[in-house]
Amino acid sequence: MPEAAQTLRVPGRAEDLAGLYGGIEGAELLGLLSREVFPGRIALVSSFGTESAVLLAMAAEADPAFPVIFVNTGKLFGETLRYRDQLVKRLGLTDVREVGPSAAELAAGDPDGMLFNRDYDACCQLRKTVPLQRALAGLDAWVTGRKRFQSATRAALPLFEQDGDRIKVNPLADWDKERLEEEFTRRDLPRHPLEADGFLSIGCYTCTERVAPGADPRSGRWAGSAKTECGIHMNWTGTAR
(Lines give C-alpha, C1' and ligand atoms only; values in the text may rest on other atoms or scores of the structure.)
Protein backbone atom coordinates (compact mmCIF):
# COMPACT_ATOMS: atom_id res chain seq x y z
CA MET A 1 0.00 0.00 0.00
CA PRO A 2 1.35 3.45 -0.90
CA GLU A 3 2.64 5.49 2.02
CA ALA A 4 0.02 8.18 1.32
CA ALA A 5 -2.81 5.66 1.64
CA GLN A 6 -1.38 4.40 4.92
CA THR A 7 -1.18 7.96 6.25
CA LEU A 8 -4.74 8.96 5.39
CA ARG A 9 -7.52 7.95 7.73
CA VAL A 10 -10.31 7.10 5.32
CA PRO A 11 -12.79 8.43 4.46
CA GLY A 12 -10.62 11.46 5.33
CA ARG A 13 -11.25 15.07 4.47
CA ALA A 14 -11.06 16.86 1.15
CA GLU A 15 -8.04 18.90 2.19
CA ASP A 16 -6.18 15.74 3.24
CA LEU A 17 -6.82 14.12 -0.10
CA ALA A 18 -5.81 17.23 -2.02
CA GLY A 19 -2.50 17.33 -0.19
CA LEU A 20 -1.78 13.64 -0.72
CA TYR A 21 -3.12 13.02 -4.21
CA GLY A 22 -3.46 16.46 -5.82
CA GLY A 23 -0.64 15.77 -8.25
CA ILE A 24 -2.10 12.52 -9.61
CA GLU A 25 -4.43 12.43 -12.62
CA GLY A 26 -6.74 10.28 -14.68
CA ALA A 27 -6.86 6.51 -14.50
CA GLU A 28 -3.95 6.44 -12.05
CA LEU A 29 -5.89 8.59 -9.56
CA LEU A 30 -9.12 6.63 -9.98
CA GLY A 31 -7.30 3.33 -9.58
CA LEU A 32 -5.55 4.48 -6.42
CA LEU A 33 -8.76 5.80 -4.89
CA SER A 34 -10.72 2.64 -5.69
CA ARG A 35 -8.03 0.17 -4.61
CA GLU A 36 -6.32 1.83 -1.68
CA VAL A 37 -8.29 4.78 -0.32
CA PHE A 38 -11.97 3.85 -0.73
CA PRO A 39 -11.98 0.14 -1.67
CA GLY A 40 -15.55 -0.92 -2.40
CA ARG A 41 -16.83 2.48 -1.23
CA ILE A 42 -16.52 4.72 -4.30
CA ALA A 43 -18.49 5.05 -7.54
CA LEU A 44 -18.52 7.28 -10.60
CA VAL A 45 -21.80 9.09 -11.30
CA SER A 46 -22.29 9.67 -15.02
CA SER A 47 -25.04 11.19 -17.16
CA PHE A 48 -23.53 9.67 -20.33
CA GLY A 49 -23.69 13.16 -21.79
CA THR A 50 -21.55 14.95 -24.35
CA GLU A 51 -18.36 15.03 -22.26
CA SER A 52 -18.84 11.83 -20.26
CA ALA A 53 -16.84 9.41 -22.39
CA VAL A 54 -13.41 10.68 -21.31
CA LEU A 55 -13.96 10.10 -17.59
CA LEU A 56 -15.70 6.78 -18.23
CA ALA A 57 -12.72 5.67 -20.31
CA MET A 58 -10.38 6.58 -17.47
CA ALA A 59 -12.49 4.58 -15.02
CA ALA A 60 -12.51 1.59 -17.34
CA GLU A 61 -8.74 1.86 -17.73
CA ALA A 62 -8.34 1.89 -13.94
CA ASP A 63 -10.71 -1.07 -13.52
CA PRO A 64 -13.48 -2.26 -15.87
CA ALA A 65 -15.47 -3.08 -12.73
CA PHE A 66 -15.25 0.49 -11.41
CA PRO A 67 -18.86 1.12 -10.29
CA VAL A 68 -20.78 3.60 -12.48
CA ILE A 69 -24.12 5.01 -11.33
CA PHE A 70 -26.51 6.16 -14.05
CA VAL A 71 -29.69 7.97 -13.00
CA ASN A 72 -32.48 7.29 -15.46
CA THR A 73 -35.06 9.97 -14.73
CA GLY A 74 -37.58 8.53 -17.17
CA LYS A 75 -37.32 11.75 -19.19
CA LEU A 76 -34.00 11.15 -20.98
CA PHE A 77 -33.42 11.38 -24.71
CA GLY A 78 -33.48 8.03 -26.47
CA GLU A 79 -30.14 9.05 -27.98
CA THR A 80 -28.64 9.21 -24.48
CA LEU A 81 -29.80 5.68 -23.63
CA ARG A 82 -28.37 4.32 -26.87
CA TYR A 83 -25.12 6.23 -26.34
CA ARG A 84 -24.87 4.73 -22.85
CA ASP A 85 -25.19 1.23 -24.28
CA GLN A 86 -22.59 2.03 -26.95
CA LEU A 87 -20.05 3.35 -24.43
CA VAL A 88 -20.57 0.52 -21.94
CA LYS A 89 -19.85 -2.03 -24.65
CA ARG A 90 -16.98 -0.06 -26.19
CA LEU A 91 -15.20 0.54 -22.86
CA GLY A 92 -15.95 -2.85 -21.33
CA LEU A 93 -17.56 -1.43 -18.20
CA THR A 94 -18.99 -4.30 -16.12
CA ASP A 95 -20.70 -2.56 -13.18
CA VAL A 96 -23.10 0.09 -14.48
CA ARG A 97 -25.92 0.60 -11.99
CA GLU A 98 -29.08 2.20 -13.37
CA VAL A 99 -31.23 3.89 -10.74
CA GLY A 100 -34.31 6.08 -10.86
CA PRO A 101 -37.53 7.05 -9.12
CA SER A 102 -39.82 4.24 -8.03
CA ALA A 103 -43.32 3.82 -9.43
CA ALA A 104 -44.75 4.73 -6.03
CA GLU A 105 -42.69 7.93 -5.89
CA LEU A 106 -43.81 8.96 -9.36
CA ALA A 107 -47.45 8.19 -8.57
CA ALA A 108 -47.27 10.35 -5.46
CA GLY A 109 -45.09 13.19 -6.73
CA ASP A 110 -45.70 13.40 -10.49
CA PRO A 111 -48.82 11.42 -11.42
CA ASP A 112 -49.34 13.22 -14.73
CA GLY A 113 -45.64 13.34 -15.68
CA MET A 114 -45.79 17.13 -16.03
CA LEU A 115 -44.12 18.21 -12.77
CA PHE A 116 -41.24 19.70 -14.79
CA ASN A 117 -43.71 22.19 -16.24
CA ARG A 118 -44.76 23.36 -12.78
CA ASP A 119 -41.60 23.12 -10.67
CA TYR A 120 -38.16 22.37 -12.09
CA ASP A 121 -36.57 21.88 -8.68
CA ALA A 122 -39.24 19.50 -7.40
CA CYS A 123 -39.00 17.43 -10.57
CA CYS A 124 -35.20 17.15 -10.32
CA GLN A 125 -35.50 16.26 -6.64
CA LEU A 126 -37.99 13.48 -7.35
CA ARG A 127 -36.44 12.02 -10.46
CA LYS A 128 -32.72 12.53 -9.87
CA THR A 129 -31.60 13.68 -6.42
CA VAL A 130 -33.57 11.19 -4.33
CA PRO A 131 -32.65 8.15 -6.48
CA LEU A 132 -29.00 9.16 -6.46
CA GLN A 133 -28.91 9.52 -2.69
CA ARG A 134 -30.24 5.97 -2.42
CA ALA A 135 -27.56 4.74 -4.79
CA LEU A 136 -24.81 6.49 -2.82
CA ALA A 137 -25.81 4.88 0.47
CA GLY A 138 -22.87 2.97 1.92
CA LEU A 139 -20.31 4.82 -0.20
CA ASP A 140 -17.64 7.14 1.18
CA ALA A 141 -16.85 8.90 -2.10
CA TRP A 142 -18.20 9.57 -5.56
CA VAL A 143 -16.65 10.80 -8.79
CA THR A 144 -18.14 13.49 -11.04
CA GLY A 145 -17.26 14.79 -14.49
CA ARG A 146 -17.69 18.48 -13.67
CA LYS A 147 -15.19 21.00 -15.03
CA ARG A 148 -14.49 24.65 -14.26
CA PHE A 149 -14.97 25.84 -17.83
CA GLN A 150 -18.54 24.55 -18.03
CA SER A 151 -20.18 27.46 -16.22
CA ALA A 152 -19.56 30.38 -13.88
CA THR A 153 -20.99 28.40 -10.96
CA ARG A 154 -18.22 25.80 -11.41
CA ALA A 155 -15.31 28.21 -11.92
CA ALA A 156 -13.69 27.45 -8.55
CA LEU A 157 -14.30 23.69 -8.59
CA PRO A 158 -11.62 21.78 -6.62
CA LEU A 159 -10.26 18.29 -7.27
CA PHE A 160 -11.66 17.05 -3.95
CA GLU A 161 -14.77 18.39 -2.23
CA GLN A 162 -16.32 17.65 1.13
CA ASP A 163 -19.90 16.53 0.47
CA GLY A 164 -21.31 16.05 3.96
CA ASP A 165 -19.79 12.81 5.21
CA ARG A 166 -18.66 11.87 1.72
CA ILE A 167 -15.86 13.00 -0.55
CA LYS A 168 -16.69 14.22 -4.04
CA VAL A 169 -13.89 13.77 -6.58
CA ASN A 170 -13.68 15.93 -9.72
CA PRO A 171 -10.76 14.47 -11.74
CA LEU A 172 -11.33 16.78 -14.71
CA ALA A 173 -11.93 19.97 -12.73
CA ASP A 174 -9.03 21.90 -14.24
CA TRP A 175 -9.33 20.51 -17.77
CA ASP A 176 -10.23 22.97 -20.51
CA LYS A 177 -12.25 22.24 -23.62
CA GLU A 178 -9.15 21.87 -25.79
CA ARG A 179 -7.65 19.20 -23.56
CA LEU A 180 -10.95 17.36 -23.42
CA GLU A 181 -11.20 17.36 -27.21
CA GLU A 182 -7.64 16.11 -27.50
CA GLU A 183 -8.46 13.20 -25.20
CA PHE A 184 -11.55 12.30 -27.21
CA THR A 185 -9.32 12.14 -30.29
CA ARG A 186 -6.45 10.29 -28.60
CA ARG A 187 -8.78 7.61 -27.26
CA ASP A 188 -10.93 7.57 -30.43
CA LEU A 189 -14.09 7.92 -28.35
CA PRO A 190 -17.55 8.16 -29.93
CA ARG A 191 -19.52 11.38 -29.49
CA HIS A 192 -23.05 11.80 -28.16
CA PRO A 193 -25.27 11.84 -31.27
CA LEU A 194 -27.03 15.07 -30.22
CA GLU A 195 -23.83 17.08 -29.83
CA ALA A 196 -23.50 17.79 -33.54
CA ASP A 197 -27.00 19.27 -33.46
CA GLY A 198 -26.03 21.91 -30.88
CA PHE A 199 -26.87 20.12 -27.63
CA LEU A 200 -23.72 20.69 -25.57
CA SER A 201 -25.02 19.79 -22.10
CA ILE A 202 -27.70 17.12 -22.13
CA GLY A 203 -30.16 16.22 -19.42
CA CYS A 204 -33.86 15.44 -19.70
CA TYR A 205 -35.51 16.16 -23.05
CA THR A 206 -38.12 18.25 -21.24
CA CYS A 207 -35.53 20.76 -19.98
CA THR A 208 -32.68 20.71 -22.55
CA GLU A 209 -32.29 23.00 -25.55
CA ARG A 210 -29.62 23.69 -28.14
CA VAL A 211 -26.83 26.08 -27.13
CA ALA A 212 -26.20 29.22 -29.14
CA PRO A 213 -22.70 29.46 -30.73
CA GLY A 214 -20.20 30.77 -28.17
CA ALA A 215 -22.66 30.61 -25.26
CA ASP A 216 -22.11 28.92 -21.88
CA PRO A 217 -22.22 25.16 -22.60
CA ARG A 218 -24.87 24.74 -19.91
CA SER A 219 -27.09 27.59 -21.08
CA GLY A 220 -29.37 25.10 -22.80
CA ARG A 221 -30.35 23.55 -19.48
CA TRP A 222 -33.58 24.98 -17.98
CA ALA A 223 -33.31 27.85 -20.48
CA GLY A 224 -35.15 31.00 -19.49
CA SER A 225 -34.98 30.24 -15.78
CA ALA A 226 -32.49 31.03 -13.01
CA LYS A 227 -31.85 27.32 -12.46
CA THR A 228 -28.30 26.18 -13.25
CA GLU A 229 -27.95 22.82 -11.46
CA CYS A 230 -30.22 19.79 -11.22
CA GLY A 231 -29.76 19.52 -7.47
CA ILE A 232 -27.25 16.72 -6.98
CA HIS A 233 -24.46 19.30 -6.76
CA MET A 234 -26.22 21.71 -4.40
CA ASN A 235 -25.57 22.23 -0.72
CA TRP A 236 -28.21 22.69 1.96
CA THR A 237 -28.42 26.43 1.29
CA GLY A 238 -29.43 25.77 -2.30
CA THR A 239 -26.21 27.10 -3.81
CA ALA A 240 -23.93 25.23 -6.20
CA ARG A 241 -20.95 23.46 -4.71
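Along each chain, the written sequence defines residue order, and numbers are assigned to residues from 1. Thresholds applied to this predicted model are a pLDDT of at least 70 for local features of residues and 80 or more for the giving and counting of side-chain atom pairs; totals over whole chains, interfaces and linings are not thresholded and use all residues. To get the side-chain values, take all heavy atoms of the structure and skip hydrogens and water.

### A few points about the overall build of the chain
In step 1: Helix and strand content of the chain: 9 helices and 6 strands.
In step 2: To sort residues, take the accessible area from a 1.4 Å probe on protein chains only and compare it with the maximum for the residue type: under 20% means buried, over 50% means exposed, and anything in between is partly exposed. Counting only residues that meet the buried cut, the chain has 51% of its 241 residues in that class.
In step 3: Any two residues whose heavy atoms approach within 4.5 Å at even a single point are treated as in contact. Contacts in the chain between residues far apart in sequence, at least 24 positions, make up 68% of those at least 6 positions apart.
In step 4: Here the chain has roughly 11,200 Å² of accessible surface; of this, 51% comes from carbon and sulfur atoms. Numbered from the N terminus, helices here are DSSP runs of H or I no shorter than four residues, and strands are runs of E no shorter than two. In short, Shrake-Rupley with a 1.4 Å probe defines the accessible areas, and a residue's cover is counted only from the protein chains shown.

### Some words on the packing of helix H4 (residues 52-62) against helix H5 (residues 78-91)
In step 1: Two numbers describe how H4 lies on H5: the axes approach to 10 Å, and their chain directions differ by 30°. Looking at the two axes, H4 sits roughly parallel to H5. Judged by the sense of rotation from one axis to the other, the crossing of H4 with H5 is right-handed. For the pair H4 and H5, contact is made by Ala53, Leu56, Ala57 and Ala60 and by Tyr83, Leu87 and Leu91, respectively.
In step 2: When residues are grouped by polarity, Ala, Val, Leu, Ile, Met, Phe, Trp, Tyr, Cys and Pro land in nonpolar, Asp, Glu, Lys and Arg in charged, and all others, Gly among them, in polar. Residue composition of the contact of H4 with H5, by class: 7 nonpolar, no polar and no charged. Helix axes are fitted only over the stretch in contact, all axes being lines through C-alpha atoms; the angle between N-to-C directions runs from 0 to 180 degrees. Orientation categories follow fixed angle ranges, with anything under 35 degrees roughly parallel, anything over 145 roughly antiparallel, 65 to 115 roughly perpendicular, and all other angles oblique. With the far helix as reference, a near helix turned anticlockwise by less than a right angle produces a left-handed crossing, and one turned clockwise produces a right-handed crossing.

### Some thoughts on the pairing of strand E3 (residues 96-99)
In step 1: Examined bridge by bridge, strand E2 (residues 68-71) and E3 share 4 bridges and lie parallel to one another. Residue Val68 lies in a different strand from E3, and its bridge partner there is Val96.
In step 2: By convention a crossover is right-handed if, when the strands point away from the viewer, the path from the first strand over the helix to the second runs clockwise. For the handedness criterion, the β-α-β arrangement of E2, H5 and E3 is classed as right-handed. Strand pairing follows a simple DSSP-based rule, namely that at least 2 bridges must link the two strands.

### Brief notes about H4
In step 1: Of all 11 residues in H4, 10 are buried; the element is thus mostly enclosed.
In step 2: Where H4 is concerned, the buried positions are Ser52, Ala53, Val54, Leu55, Leu56, Ala57, Met58, Ala59, Ala60 and Ala62.
In step 3: Residues of H4 that are buried make contact with helix H3 (26-37), strand E1 (42-45), E2, H5, strand E4 (141-143) and helix H9 (177-187).

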